[in-house]
Amino acid sequence: MGVGFKLFELMLRQKLLDRGLEGKPNSPLIVSYAVTRACNLRCLHCHVSAREPMPNELTLQEAMHAVDELASLGTEALIFSGGEPLLRKNFILALAEYCVDLGILPAMLTNGLLLNRRVAEELKDAGILAVGIPIDSIVPANHDKLRNLPGTFDKAIQAIKTCLDVDLEVVITTMALKDTYAEIPQRINSLAQLGVKQFAVYDLVPVGRGKDMMDQAMDQTQRVNLIRYLYQMQETKDLLFTMSGGIPLYPELVSKMHKINGTKPCNLFLKQFWVHDSIGCHAGIAYFSLRPNGDVYPCTFLPITVGNIRERSLTDIWFNSPVLNQLRQRNLLKGKCGECQYRSGCGGCRGRAYACTGDYLESDPVCLQDLLVEQGVSPSSINCFGWCVG
Ligand code: SF4
Ligand code: SF4
């Protein structure tokens, strides 16, 4: 199936049926693939502790073979990440074209440092559908401090403008942190003035180098206020938001708020990548992460190797990994999540549960149950759509 038809089908689903990705049951609908561990930055919060490349990263031929398997498993979108994927630019371009040929939508995350006009055009020509670029503060010094290198803010802004200039869709990935929380409205407004419409707002999960800065994680009041604020923004602006990094029920909450207030209940999320019939945390259910050396994690924020594609087929890993099969059984959850009325629809962030307790089936210490109850979200109504793919 060509990408043209695929996009047309998605647009129809979104505009007419109010639906996003659907896919076959038990499919990894969205997969992220860290093409390299190498990075030209050393960000303080990097959840994969990116540094030099791994010595044994997958070759193009091996990666193409993985894409063949993804296509037969029913994957609809593949997100290239890293490290910095543009350090393997030719690899990305070839793999994106291959995805398009097989009907898989390719997207990419980049820090923007290597993204000039020629590269943006190459990405677009290869079929990359959207590029995620980070802006972690609208105050350049704050962004640069987190990114651990002066000048990165200006380069990221330039990369955003360049992508928009060549009609390459941009999603801003942005950290919501305690110290920079107050400037989030200014950040969103300034970026919206550049022409950006889509934002993936990340909560901090204690994984990778992020573990060392958990004093910067939002407190629960900030988190809840942020959800209310993003909901309000969707009321007044033509902007799309999602919350990633362990807030799996954000879409349901905001959808419910819109319904209660009789306001627009659709167009809430990153257009091409919202998942119909979501079930909160997608890790191992509708999503997994492929690592540079062929290891498979349930999620980038749940770094447990459940197999390696050089040793076993992806299909075998996806269907037969004991860890993935446990993640699919919410009745195995423990503690508060195990007893929770929302466990089938939410499930908590399995990555944060693992990072905080050492057990991926334990409770997620960040829980929005009170807000769910307050907003009248009934456990049985959680079946609409969602996004949390790490
Ligand atoms: S206890 Fe909280 S995090 Fe866990 S399933 Fe219930 S609502 Fe979700
Ligand atoms: S473990 Fe689940 S909730 Fe947490 S970041 Fe990954 S997909 Fe999202």
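Nothing here was measured: the structure is a model prediction, and the numbers come from that model.

Attention now moves to the overall build of the protein chain. Along the backbone of the protein chain there are 14 helices and 11 strands. The buried share of the protein chain, reckoned over its 390 residues, is 52%. Contacts in the protein chain between residues far apart in sequence, at least 24 positions, make up 75% of those at least 6 positions apart.

This part takes up the environment of glutamate 235. Looking at where glutamate 235 falls in the secondary structure, it is placed in helix α8 (residues 220-236). Between the C-alpha atom of glutamate 235 and that of histidine 258, which follows or precedes it by 23 residues, the distance is 8.5 Å.

Moving on to the confidence of the model for the protein chain. Considering every residue of the protein chain, the mean pLDDT works out to 86; 87% of them sit at 70 or more. Per-element confidence in the protein chain ranges from a low mean pLDDT of 44 for helix α1 (residues 3-15) to a high of 98 for strand β10 (residues 296-297). Contacts for the low-pLDDT stretch residues 1-21, under 50 throughout, to residues beyond four places or in other chains number 30 contacts.

Moving on: the sheet that holds strand β4 (residues 130-134). Ordered in space as β7-β6-β5-β4-β3-β2-β1-β9-β10, the 9 strands form an open sheet in which the pairing is mixed. Looking along the sheet, the strands with just one partner apiece sit at the ends: β7 (240-244) and β10. Inspection of the sheet shows strand β2 (residues 77-81) paired to strand β3 (residues 105-109) by 4 bridges, in the parallel sense. Within the sheet, the bridge partner assigned to isoleucine 79 lies in β3 and is alanine 107.

Another aspect to go through is the packing of helix α5 (residues 140-147) against helix α6 (residues 152-165). For the pair α5 and α6, interaxial distance at closest approach is 8 Å and the crossing angle is 100 degrees. As the angle between them shows, α5 and α6 are arranged roughly perpendicular. In this structure, α5 contributes Pro140, His143, Asp144 and Arg147 to the contact, and α6 contributes Thr152, Phe153 and Asp154. For the contact of α5 with α6, the per-class residue count stands at 2 nonpolar, 2 polar and 3 charged.

To continue, consider the packing of helix α2 (residues 60-73) against helix α3 (residues 89-101). Where α2 contacts α3, the two axes come as close as 10 Å, and the packing angle between them is 25 degrees. Here α2 lies roughly parallel to α3, going by the angle between them. α3 is crossed by α2, and the crossing has right-handed handedness. The residues of α3 that touch α2, namely those facing Leu60, Ala63, Met64 and Val67, are Phe91, Ala94, Leu95, Tyr98 and Cys99. Taken together, the residues that form the contact of α2 with α3 break down as 9 nonpolar, no polar and no charged.

Most of strand β5 (residues 169-175) is tucked away: 6 of the 7 residues are buried. Both β4 and β5 contribute to a ladder of 5 bridges, which runs parallel. Its bridge partner lying in β5, alanine 130 is registered against glutamate 169. Note that β5 and strand β6 (residues 198-202) share 5 bridges and pair parallel. Looking across to β6, one finds that threonine 174 is bridged to valine 201.

The terminal C-alpha atoms of α6 lie 20 Å apart, and with 14 residues this matches the ideal 20 Å at 1.5 Å per residue to within 8%. Turning to α6, its buried residues number three or more, namely Thr152, Phe153, Ala156, Ala159, Ile160, Thr162 and Cys163. Buried-residue contacts for α6 involve α4 (117-126), β4, α5, β5 and α7 (184-194). Backbone geometry just after α6 places aspartate 167 at a positive phi near 65 degrees.

Among the structural elements, arginine 187 can be located in helix α7. Using a count of 22 C-beta atoms within 10 Å as the deciding quantity, one classes arginine 187 as buried. Between the alpha carbons of arginine 187 and serine 137 there is a distance of 6.5 Å; along the sequence they are 50 residues apart. In this view, arginine 187 contacts Ile135, Ser137, Ile138 and Thr174; residues no more than four positions away in its chain are not counted.

Inspection of the secondary structure puts glutamate 362 in the loop between α13 (350-357) and α14 (369-374). A residue is classified by how many C-beta atoms lie within 10 Å of it, and glutamate 362, with 20 of them, is buried. The sequence separation of glutamate 362 and glycine 335 amounts to 27 residues, and the corresponding C-alpha distance is 6.1 Å. Contact partners of glutamate 362, with chain neighbours within four places excluded, come to Lys334, Gly335, Ala353 and Thr357.

How each quantity is defined
Residues numbered from 1 in each chain as written. Chains lettered and ligands numbered in written order. Predicted model: local features only at pLDDT ≥ 70, side-chain atom pairs only at ≥ 80, totals over all residues. Helix = DSSP H or I, 4+ residues; strand = E, 2+ residues; numbered from the N terminus. Buried ≥ 20, exposed ≤ 12 C-beta atoms within 10 Å, placed from the backbone. Contact = placed C-beta atoms within 7 Å. pLDDT = per-residue confidence, 0-100. Pairing = 2+ DSSP bridges. Axes fitted to C-alpha atoms, helices over the stretch in contact; angles between N-to-C directions. Parallel < 35°, antiparallel > 145°, perpendicular 65-115°, else oblique. Nonpolar A, V, L, I, M, F, W, Y, C, P; charged D, E, K, R; others polar. Left-handed = near helix turned anticlockwise from the far one by under 90°. Expected span 1.5 Å × (residues − 1).

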